[in-house]
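Listed here are the chains, written in short residue letters.
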Amino acid sequence: MLTFEKVQSVLKNIGQVLYRIWFYILVAVLIFVFAPALLVTTFSEKTYPHFFWLARNFWAKPILYGMGCFPEIVYQEKLRKHTSYMLVANHTSMLDIMLMLLVSKNPFVFVGKKELVKIPVFGFFY
């Protein structure tokens, strides 16, 4: 017998799959649209701040807003320029990376598993 709970569960699963598909489409489209600018800014360490600015403003923000996430950032302490910080994401979401880019105006680098380099396109920018 088809119960309300079973229908609700199926609809929830379909919604989650569609949400993930939309996320990957959004990420891929934005990477390919901005790839020329992102590639040019990765050629030198001197241009990394420009890469970071592009990733922050033209990649992270559209993805967050495109996924329906409108972050409200409240700082307990103001981040100072030219000061080192360690930002840690618990990766409960694929949006953690975009949120970290949005939180810090200071350029930073990501630390992660070596296997991430093997992912096409993402691995290059990682």
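Look up: the structure comes first, before these words.
**Student:** What is the right way to look at the overall build of the protein chain in this model?
**Tutor:** In terms of helices and strands, the protein chain carries four helices and zero strands. Element order for the protein chain, N to C, with α for helix and β for strand: α-α-α-α. Against the 2.2 N^0.38 benchmark of 14 Å for 126 residues, the protein chain shows a C-alpha radius of gyration of 18 Å, more extended than a compact globule. Projected onto its principal axes, the C-alpha positions of the protein chain cover 65 × 35 × 25 Å. Looking at the 126 residues of the protein chain, the share that counts as buried comes to 25%.

**Student:** What exactly am I supposed to notice about the packing of helix α2 (residues 48-66) against helix α3 (residues 96-103) here?
**Tutor:** The axes of two packed helices give the description: the angle between them and the distance between them. Their axes nearest at 9 Å, the elements α2 and α3 cross at an angle of 125°. As summarised for this structure, α2 and α3 are arranged oblique, according to the angle between their axes. Like other packed secondary-structure pairs, α2 and α3 cross with a definite hand, here left-handed. Contact residues: F52, A55, R56, W59, A60, K61, I63 and L64 in α2; I97, M98, L99, L101 and L102 in α3. Residues belonging to the contact of α2 with α3 are distributed by class as follows: 11 nonpolar, no polar and two charged.

**Student:** Hey, could you run me through the side chain of N106 in this one?
**Tutor:** One can find N106 in the loop between α3 and α4 (122-125). A polar atom in the side chain of N106 sits 2.9 Å from the backbone oxygen of R80. When residues no more than four places from it in sequence are discounted, the contact partners of N106 are F52, R80, K81, H82, T83 and Y85.

**Student:** I'm lost on helix α1 (residues 4-40) in this one. Help?
**Tutor:** Note on helix geometry: an α-helix contains 3.6 residues per turn, so any two residues three or four positions apart are oriented the same way. End to end, α1 covers 54 Å across 37 residues, agreeing with the expected 54 Å (1.5 Å per residue, within 8%). The sharpest bend along α1 reaches about 60° and sits at F34, with the proline P36 one to four residues further on. Regarding α1, the residues found buried are F23, L26, V27, L30, I31, A35 and L38.

About the criteria used
- Residues numbered from 1 in each chain as written.
- Predicted model: local features only at pLDDT ≥ 70, side-chain atom pairs only at ≥ 80, totals over all residues.
- Heavy atoms only, no water.
- Helix = DSSP H or I, 4+ residues; strand = E, 2+ residues; numbered from the N terminus.
- Rg over C-alpha atoms; globule rule 2.2 N^0.38 Å.
- Buried < 20%, exposed > 50% of the residue type's maximum accessible area, 1.4 Å probe, protein only.
- Axes fitted to C-alpha atoms, helices over the stretch in contact; angles between N-to-C directions.
- Parallel < 35°, antiparallel > 145°, perpendicular 65-115°, else oblique.
- Left-handed = near helix turned anticlockwise from the far one by under 90°.
- Contact = heavy atoms within 4.5 Å.
- Nonpolar A, V, L, I, M, F, W, Y, C, P; charged D, E, K, R; others polar.
- Polar contact = N/O pair within 3.5 Å; in protein donor to acceptor, adjacent residues only side chain to side chain.
- Expected span 1.5 Å × (residues − 1).
- Bend = angle between axes of the 7 residues up to and from the residue.

Keep in mind these values describe shape, not function.
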